[in-house]
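Reading the structure
Chain by chain, the residues:
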There are 2 protein chains.
Amino acid sequence: MKQIIRVVVDAMGGDNAPSQPIKAAAEAVKEREDIEILLVGQEEVIQRELKQYQIPEGRIRVIPASEVIEMGEPPVNAIRRKKDSSMVVGMKLVKQGEADAFISSGSTGAVLVGGQLVVGRIRGIERPPLAPLIPTEHGVALLIDCGANVDARASHLVQFAKMGSIYMENVMGVKNPRVGLVNIGAEEEKGNALVKETFPLLKKCEDINFIGNVEARDIPAGVCDVVVCEAFVGNVILKLYEGVGKTMMTMIKNGMMTNTRSKVGALLVKPALKETLKAFDATQYGGAPLLGLNGLVVKTHGSAKSGEIKNAIAQCVQFTQQQINAKIKENLIIEKKQEEP
Amino acid sequence: MKQIIRVVVDAMGGDNAPSQPIKAAAEAVKEREDIEILLVGQEEVIQRELKQYQIPEGRIRVIPASEVIEMGEPPVNAIRRKKDSSMVVGMKLVKQGEADAFISSGSTGAVLVGGQLVVGRIRGIERPPLAPLIPTEHGVALLIDCGANVDARASHLVQFAKMGSIYMENVMGVKNPRVGLVNIGAEEEKGNALVKETFPLLKKCEDINFIGNVEARDIPAGVCDVVVCEAFVGNVILKLYEGVGKTMMTMIKNGMMTNTRSKVGALLVKPALKETLKAFDATQYGGAPLLGLNGLVVKTHGSAKSGEIKNAIAQCVQFTQQQINAKIKENLIIEKKQEEP
C-alpha cells in the first residue's frame, strides 16, 4: 500500500489567503493520489471557499482554528498567546505526529518561532535553518541559513552544510551536492572569525562534498549546490538577488521603451524574456524548508499563489518519502561517534 | 591661480597595465588643465609606452620604481618587502605631501594594506573603509565598507556613515545624502549584535541624514545614498550585484537566441539594452576611494580600462578641491567635543 502523506496547509497565512492556499489544496488532491490535505483556519471561511471546488471524498479535512497571526505581530508573543491560531494549531498536528508537514505563507518570524517552540528541534540540532532555493544559471542552489537567528557559531554552519547536502541530494535529486562556504575570497585564510573557524571543520567532514570558499559573485553562476552562510549574510543574499533582478528588469523594460525601433524589438523578444524571468523566479521551486525540526515546516512567500503552494506540497511529499529527518538523525549519530575517542 | 592637483597613477597595476593606466594619463592631461600626473613604475616600460602619445610639456612626470606587486602576493608581505614597488613608491609621494592622490588597479589587498601602512590614517579614524559606488535605479550609492577589515565594531560603522556622507555630498554632489544601515528587516530591534549596537549611535548623529535600517532588496532601487555595513556584508553585496547582473544578462541573451522571432527582436533592442547595461556598470563611475587616510587612495577594478582610470582621476580632483579630508577632520573634532561633558 502506498503511504499517504498528510500535509497541513495554513489557510489564513499570506497576502492571498484564504483563496490561494485553498485553491492549491483543491488542485493538489485532484492531481495526486498520495496526499491528504489538512486545511487549518477559520472553519466558516474555509468551508465557504471550498464550495467552489469539487473535492474528492476524504481528501481534504478542515481543522478549525479561530485566531489569525498577522504579519506585523511580534513573533514570540504571537505564537505564545494565540494558541488557537492556524499556525499554532497546524504546527501542533505535526508535533503530535498527526501530520507530516506544515506549509504557511504567513509571517516568516512566526513560522520560525513556531517551528522551534511548537514543532521543536530534532535532538542534537543546535539551530533549525531556513533554507530557500535560489535560481542559478544552471538550476537552483540551496541557500542555508536565511532565518532569524543571527550571530551563528561555526558548529551551526557545519550542521547547515550537512542538512543542506541531505536535502539537495534526496529532495532535489542532486548527486553529491557541492557545498560552498560564503566568503570574501576563495583562499582558506580569508574571511571573518566565523568563516575562518568554520572552514577547517567543513574540510574535515567526510560525508559532504565541500568545495571550499565561494564568493558571492559566483553564486548566481551556480558554482555550488549548497550555499552555507549565517542568517544575516543569507538574508542579504536572498534579498539582493530579488532586488538586483527587479531593478535590472525595470531598467531593461524602460530602456526598450525609449524609441520605436526598440519598442518593436521588445514585442518580439517578450516571450523569450518571459521564459528567462520564469527560470529566475524562485517561487516556481516551492517554499523554503525549515530544517532540523521534528517534522517539516515550509515557508512559502507572503505573496504566494496556488502554484507555489502546490510546489511546496510536492516538496513535502518528497521530503517525507525520502525520510529526510531519519537521514539527518542518522548523520547526527555518526557525528557523535566520530567525536568519541 | 588655479590649484594643480597632483595625481599618482600606478602604471604597473591591473590586468591592463601598463597600457591602460598610461593611456588614461595621456588623455587626462589633454582633457583638463588642472592636473599633473605622476606615472610610477618601471621607467623604461613607461617611457616606451608614452612615446605613442603627444604629451603637453611638464604635465606628466615619470617616477621610477623597479618592483611590481603581483595579484596573488600576500598583501602585508608585499608592502613590507617591496619598498621599490610602484605601489609603495607611489603611496609614499602622497604620504610626503608630494602628491594629492594615488590610483591603482593592482591587488586590492595590497592597496588596502599600503593605504594604512604607507599613507597612514587620519588621527582619530579607527579604520579606513573602501567605499565603491554601486549603480541604482536612479543613479549611484556609496557602499561603505567593502574592505578587508572584517569583524568591525559599531564605532567604525558610525565613522563610515559620516565619511560616506561627506563624500557623497561633496564629491558626488548629493544634497543631504540619505544614510541607511544594512539590516535583515526595517524595524529597529532587528539584526545581529553589531547592527543593534550601531542603530542608536547613528540615530544620535546630528550631522548625518540617517533614514534607519535598509534591506538588501531595496538597495538597487536606490532607497539610500550611503549604504553602511561591515566589510564582509559589503563584499557580499558588491560581488552579488556583479554576479546577479552577469547571470541575468547571459540568460536574457541566451533566451533571445532561442528562435528567429526573438533573434530579430534582439537586434532591435540591442542598442537600448546596451545603454541600460552601461548605466548598471560600476566602472563608469571611477574607482573606490579608501577613505580616512592622510591623502586619497583610489582602487580601480583589476580589469580597468583607461576610461575608468580617467574617471578616477576626476574623482581625485574633486576630492582634493572639495577638501574632503579637512571636512573629515573637522567632523572628528566636533565628535570629540560632543563626547566631552
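An account of the accompanying structure is given in this report. (Residues numbered from 1 in each chain as written. Chains lettered and ligands numbered in written order. Predicted model: local features only at pLDDT ≥ 70, side-chain atom pairs only at ≥ 80, totals over all residues. Heavy atoms only, no water.)

**Description of helix 9 (residues 260–279) of chain A**
It helps to recall that an α-helix has 3.6 residues per turn; residues three or four apart then point in one direction. Note the following rule: Where helices and strands are cited, they refer to DSSP runs of H or I of at least four residues and of E of at least two residues respectively, numbered from the N terminus. One fewer than the residue count of a helix, multiplied by 1.5 Å, yields its expected span. The quantity called bend is, for any residue, the angle between two axes fitted respectively to the seven residues ending at it and the seven beginning at it. Buried, partly exposed and exposed residues are distinguished by accessible area as a fraction of the type maximum, computed with a 1.4 Å probe on protein chains only: under 20%, between the cut-offs, and over 50%, respectively. Throughout, a residue-residue contact means that at least one pair of heavy atoms, one from each residue, lies within 4.5 Å. We define a polar contact as two N or O atoms separated by no more than 3.5 Å, with the added condition that, inside protein, one atom must be a possible hydrogen donor and the other a possible acceptor, whereas residues neighbouring each other in sequence contribute only through side-chain atom pairs.
A rise of 1.5 Å per residue sets the reference length of helix 9 of chain A, with its 20 residues, at 28 Å; its end C-alpha atoms lie 28 Å apart and thus fit the reference within 8%. Of all the bends in helix 9 of chain A, the greatest, near 50 degrees, is centred on Val269(A), and the proline Pro271(A) appears no more than four residues after it. Residues of helix 9 of chain A that are buried: Ser262(A), Gly265(A), Ala266(A), Val269(A), Ala272(A), Leu273(A) and Thr276(A). Residues of helix 9 of chain A that are buried in the fold lie against helix 8 (231–256) of chain A together with helix 8 (231–256) and helix 9 (260–279) of chain B. The backbone nitrogen of Arg261(A) has a side-chain oxygen 3.3 Å away, supplied by the residue at the start of helix 9 of chain A, namely Asn259(A).

**Things to note about the pairing of strand 7 (residues 178–182) of chain A**
Residue and element names in this part refer to chain A. Our working definition: Convention used here: a crossover is right-handed provided that the path from the first strand, over the helix, to the second strand proceeds clockwise when the strands point away from the viewer. Strand pairing requires that DSSP identify at least two bridges connecting the strands.
With 4 of its 5 residues buried, strand 7 lies for the most part within the structure. Viewed along the sheet, the connection from strand 7 through helix 7 (residues 193–204) into strand 8 (residues 209–214) turns out right-handed. Strand direction decides the pairing type here: strand 7 and strand 9 (residues 226–228), joined by 3 bridges, are parallel. Directly across from valine 179, in strand 9, lies its bridge partner valine 226.

**Brief notes about the interface of chain B and chain A**
As a reminder, the rule being used: Buried area: the accessible area, evaluated with a 1.4 Å probe, that two parts lose upon being put together, summed over both parts. Whenever a carboxyl oxygen of Asp or Glu lies within 4 Å of a side-chain nitrogen of Lys or Arg, that contact is scored as a salt bridge.
Across the contact, 51 residues belong to chain B and 51 residues belong to chain A. Regarding the contact of chain B and chain A, the summed buried area is about 4700 Å², with carbon and sulfur atoms giving 76% of it. Our count for the chain B to chain A interface comes out at 4 salt bridges. Scanning the region where chain B abuts chain A turns up 14 residue pairs in polar contact (both at pLDDT 80 or more). When residues of the side of chain B that touches chain A are traced back to their parent elements, those giving at least two are strand 7 (178–183), helix 7 (193–204), helix 8 and helix 9 of chain B. At 20 residues, helix 8 of chain B tops the list of elements feeding residues into the side of chain B that touches chain A.

**A short note on the pattern of salt bridges**
For side chains of opposite charge, pairing can occur when their charged atoms come near one another. All names here are of chain A. Taken as a whole and assessed by the stated rule, the structure comprises 30 salt bridges over all chains. Lysine 310 is the salt-bridge partner of glutamate 27, the closest N and O atoms lying 2.9 Å from each other. A residue pair is termed long-range when its members are at least 10 positions apart, and glutamate 27 in helix 1 (residues 19–31) and lysine 310 in helix 10 (residues 306–321) qualify at 283 residues. By relative accessible area, which is 23% here, glutamate 27 ends up partly exposed. Here the salt bridges share partners, and the residues they tie into one network are Lys23, Glu27, Glu31 and Lys310.

**Focus on the side chain of Asp225(A)**
Residues and elements named next belong to chain A. Tracing the sequence through the fold places aspartate 225 in the loop between strand 8 and strand 9. What makes aspartate 225 buried here is its relative accessible area of 9%. Only 2.8 Å separates the side chain of aspartate 225 from the backbone nitrogen of arginine 178, close enough to count as a polar contact. With residues near it in sequence (within four places) discarded, aspartate 225 still touches Ala141, Leu142, Met168, Val174, Pro177 and Arg178.

**Observations concerning the packing of helix 1 (residues 19–31) of chain B against helix 10 (residues 306–321) of chain B**
The description of two helices packed together rests on the angle between their axes and the distance between the axes. All names here are of chain B. Spelled out, the test is: Fitted lines through C-alpha atoms give the axes, limited to the stretch in contact for helices. The angle between two N-to-C directions lies from 0 to 180 degrees. Any angle from 65 to 115 degrees is called roughly perpendicular, while one under 35 is roughly parallel, one over 145 is roughly antiparallel, and all others are oblique. Each crossing is labelled by how the near helix is turned from the far one, with a counterclockwise turn of less than a right angle marking it left-handed and a clockwise turn marking it right-handed. The classification used treats Ala, Val, Leu, Ile, Met, Phe, Trp, Tyr, Cys and Pro as nonpolar, Asp, Glu, Lys and Arg as charged, and all other residues, Gly among them, as polar.
Two elements in contact, helix 1 and helix 10, have axes whose closest approach is 8 Å; the angle formed by their N-to-C orientations is 50 degrees. One element, helix 1, and the other, helix 10, form an angle in the oblique class. The two elements helix 1 and helix 10 cross, and the hand of that crossing is right-handed. Note on element contacts: helix 10 touches helix 1 through Ser306, Ile309, Lys310 and Ile313, opposite Gln20, Pro21, Lys23, Ala24, Glu27, Ala28 and Glu31. Of the residues assigned to the contact of helix 1 with helix 10, the class counts are 5 nonpolar, 2 polar and 4 charged.

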